[in-house]
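Listed below are the residues making up each chain.
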Amino acid sequence: MKDLDDLPGLMAELGARARRAATELGFATPEQKSRALEAAADTVSERQDEILEANAKELDYGAEKGLSDAMMDRLRLDAARSEGIVGGLRAIAAQGDPVGATIADWDMPSGLNIRRVRTPLGVIGVIYESRPNVTADAGALCLKSGNAVILRGGSESFHSATALHDCLVSGLRAAGLPAEALQLVPTRSREAVSELLRMTEFVDVIVPRGGKGLVGLVQREARVPVFAHLEGICHVYVDADADLDKARRVILNAKTRRTGICGAAECLLVDRAFFEKHGAPFVQDLLEAGVEVRAAGELLGIDGTVPASEEDFGREFLDSIISARTVEGVDEAIAHIRTYGSDHTDCILTENDATADRFFTRLDSAILMRNASTQFADGGEF
């Protein structure tokens, strides 16, 4: 490995190794890939104490930097989250192998038979922020799909990412696969990101996973093709035909389970007909849970809410803050989401099938949900 002071040389070497590994990984058997992931899961479980010790250093580092509570939560690992990483690795190992699957097959009048077959992309660069579990998630998904990957985690999670990467590499070796198929950029230097974005000779696609600042930077500077979404401005719409008890449970979870993830609800829309019949006890639930509710219209009359500004709608708070307003039915809710949303994850709470169908048909979000928390958009929940 080249000296860390020679970043262009270091990154070129990572790229060359990844390219060589990709040619071998693309032909790995499903059994080998599953064995590698199972072995990685075993190693994460065995090294849990070591991983949590590494994470403790980062929590100290984050506290010194004055990170918000939500950002500290993104950074934090504990025994339960470590076991969640283990479970995620095993779940990916158990999935069907996508490589070689025929997704279309047809005959031409000329006599040609044409098949569309899933094949690996080659080398993927994944750039992410402070959530340590992304190291395992991204590495495992790339391995399962037969792609080599170069991982570049956030500076705050450097020690945790290194420990988890070591577990993944251990899994590769146990399965007889090239260790260079999963590489981690071994420096916190931001210049390494710039180098990765320019590595058209070695990298086939970049996947940024993080906040608006990171994704915007990657989209502006990358010469390599990019797969990205920019923000998670997630809405929950309470329809006139929503079940009150269900709505209270879903809304509280959608906002408070983890406030700092892209699947956290950032805006609450309440049908005026529902409000006139039931009120909005879920707003009080949020207030009691410590959430600042920035409200407009009738919802501003609820004790404890504060006035919302125009800028609060269409804002990704990633914190214990939510905007809220009433709307006149599903069409106004759809119009609001089209205006202020980011096409990430949006939810309707209703017992009315026709209304739910209208919501699903007229919105183009990547994830649409009915009577389910937007927090299910988090990581390996699907």
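In the block above lies the structure referred to throughout.
Just so we're clear, the structure is a prediction, and the values are computed from it rather than from any experiment.

Q: Can you help me understand the overall build of the protein chain in this one?
A: When its secondary structure is counted, the protein chain shows 14 helices and 13 strands. Its C-alpha radius of gyration of 23 Å places the protein chain within 12% of the 21 Å reference for a compact globule of 382 residues. With 382 residues in all, the protein chain has 51% of them scored as buried. Counting only contacts in the protein chain whose residues sit at least 6 apart along the sequence, the fraction spanning at least 24 positions is 71%. For the protein chain, the exposed surface amounts to about 16900 Å²; the carbon and sulfur share of it is 48%. Across the protein chain, the 42 positively charged side chains and the 61 negatively charged ones have centroids separated by 4 Å.

Q: What is the right way to read the packing of aromatic side chains from this model?
A: Two measures describe an aromatic ring pair: the distance that separates the ring centres and the angle between the ring planes. Following the criterion strictly, the structure yields four aromatic pairs and no others. Seen in terms of ring centroids, tyrosine 237 and phenylalanine 359 are 6.4 Å apart; in terms of plane orientation they differ by 15°. Their pairing is stacked. Taken together, the residues tyrosine 237 in strand β7 (residues 234–238) and phenylalanine 359 in helix α14 (residues 353–362) connect sequence positions 122 residues apart. The two residues tyrosine 237 and phenylalanine 359 agree in class, both being buried. Ring geometry for phenylalanine 313 against tyrosine 340: centres 6.2 Å apart, planes inclined by 55°, an arrangement best described as tilted. Of the two residues, phenylalanine 313 sits in the loop between β10 (306–307) and β11 (321–327) while tyrosine 340 sits in helix α13 (residues 329–340), which places them 27 residues apart along the sequence. Grouping aromatic residues by their ring pairs yields a cluster made of Tyr237, Phe359 and Phe360.

Q: Which parts of the structure should I look at to understand α14?
A: One turn of the α-helix equals 3.6 residues, which is why residues spaced by three or four share an orientation. Inspection of α14 places Thr355, Ala356 and Phe359 among the buried residues, and these make up the whole buried set. Relative to the axis of α14, the buried residues are bounded by an arc of 100° and lie together on one face. Relative to its buried face, α14 has exposed residues pointing more than 90 degrees away, namely Ala354 and Thr361. Two to three positions downstream of the cap, the backbone nitrogen of alanine 354 sits 3.0 Å from a side-chain oxygen, assigning the N-cap of α14 to asparagine 352.

Q: What am I meant to see in the pairing of strand β2 (residues 113–117) here?
A: Each regular strand carries side chains that alternate between the two faces of the sheet. Two strands pair when backbone bridges link them, and strand β1 (residues 102–107) and β2 are joined in this way by five bridges, in the antiparallel orientation. Bridge pairing in β2 places tryptophan 106 opposite isoleucine 114. Hairpin remark: β1 followed by β2, antiparallel, with five residues in the connecting loop; positive phi at glycine 111, about 100°.

Q: Looking at this structure, I do not really get the packing of helix α2 (residues 30–46) against helix α5 (residues 79–94). What am I missing?
A: A packed helix pair is summarised by two numbers, namely the angle formed by the two axes and the spacing between the axes. One way to put it is that α2 packs onto α5 with a least axis distance of 8 Å and a crossing angle of 170°. By the angle between their axes, α2 is roughly antiparallel relative to α5. Between α2 and α5, the contacting residues are Ser34, Leu37, Glu38, Ala40, Ala41, Asp42, Val44 and Ser45 on the first element and Ser82, Glu83, Ile85, Val86, Leu89, Arg90, Ile92 and Ala93 on the second. The class makeup of the residues in the contact of α2 with α5 is nine nonpolar, three polar and four charged.

Q: Is there a simple way to think about the environment of isoleucine 124 in this case?
A: Inspection of the secondary structure assignment puts isoleucine 124 in strand β3 (residues 123–128). With a relative accessible area of 7%, isoleucine 124 lands in the buried category. Taking the C-alpha atoms as reference points, isoleucine 124 and aspartate 5, 119 residues apart in sequence, are found 24 Å from one another. Among residues more than four places away in sequence, those in contact with isoleucine 124 are Cys142, Asn147, Ala148, Val149, Ile150, Val203, Val205 and Val207.

Q: Looking at this structure, how should I read unusual backbone geometry?
A: Of all residues except glycine, most have a negative phi; of all peptide bonds, most are trans. With a phi close to 60°, aspartate 343 is a non-glycine residue in the positive phi region. Examined against the element boundaries, aspartate 343 turns out to sit in the loop between α13 and β12 (345–349). The backbone of asparagine 371 sits at a positive phi, close to 55°, despite the residue not being glycine. Looking at the element boundaries, asparagine 371 is found in the segment after β13 (367–370).

Q: When you look at the nonpolar core in this model, what are you seeing that I'm missing?
A: Proteins that are soluble and globular tend to have nonpolar side chains buried together. Ranked by size, the top nonpolar core spans 38 residues in total, and within it Val44, Leu89 and Leu177 carry the most contacts. When residues of this core are traced back to their parent elements, those giving at least two are α1 (7–25), α2, α5, β3, α6 (133–144), β4 (148–152), α7 (158–174) and β5 (182–184). Other than its neighbours up to four places away in sequence, leucine 177 contacts Leu25, Ala28, Gln32, Lys33, Ala36, Leu143 and Leu172.

Q: What is the right way to read the pattern of salt bridges from this model?
A: Two side chains bearing opposite charge may form a pair once their charged atoms approach each other closely. For the coordinates displayed, the defined rule picks out 25 salt bridges. In this structure, arginine 257 and glutamate 381 form a salt bridge, with 3.6 Å as the shortest nitrogen-oxygen distance. Taken together, the residues arginine 257 in the loop between α10 (244–256) and β8 (265–271) and glutamate 381 in the segment after β13 connect sequence positions 124 residues apart. By relative accessible area, which is 34% here, arginine 257 ends up partly exposed. Note that arginine 294 is salt-bridged to aspartate 312, the shortest N-O span being 2.9 Å. Remark: aspartate 312 occurs in the loop between β10 and β11 and arginine 294 occurs in strand β9 (residues 292–295); sequence separation between them is 18 residues. Residue arginine 294 is classed as buried on the basis of its relative accessible area, which comes to 15%. A residue is classified by how much of its surface remains accessible, and aspartate 312, at 4% relative accessible area, is buried.

Basis of the calculations
- Residues numbered from 1 in each chain as written.
- Predicted model: local features only at pLDDT ≥ 70, side-chain atom pairs only at ≥ 80, totals over all residues.
- Heavy atoms only, no water.
- Helix = DSSP H or I, 4+ residues; strand = E, 2+ residues; numbered from the N terminus.
- Rg over C-alpha atoms; globule rule 2.2 N^0.38 Å.
- Buried < 20%, exposed > 50% of the residue type's maximum accessible area, 1.4 Å probe, protein only.
- Contact = heavy atoms within 4.5 Å.
- Areas by Shrake-Rupley, 256 points an atom, 1.4 Å probe, with all protein chains shown as cover.
- Lys, Arg positive; Asp, Glu negative; His and termini not counted.
- Charge placed at Lys NZ, Arg CZ, Asp CG, Glu CD.
- Phe/Tyr/Trp six-rings, centres within 6.5 Å; stacked < 30°, edge-to-face > 60°.
- Arc of directions from axis to C-beta.
- Polar contact = N/O pair within 3.5 Å; in protein donor to acceptor, adjacent residues only side chain to side chain.
- Pairing = 2+ DSSP bridges.
- Axes fitted to C-alpha atoms, helices over the stretch in contact; angles between N-to-C directions.
- Parallel < 35°, antiparallel > 145°, perpendicular 65-115°, else oblique.
- Nonpolar A, V, L, I, M, F, W, Y, C, P; charged D, E, K, R; others polar.
- Core = buried A, V, L, I, M, F, W, Y, C linked by side-chain atoms within 4.5 Å.
- Salt bridge = Lys/Arg side-chain N within 4 Å of Asp/Glu carboxyl O.

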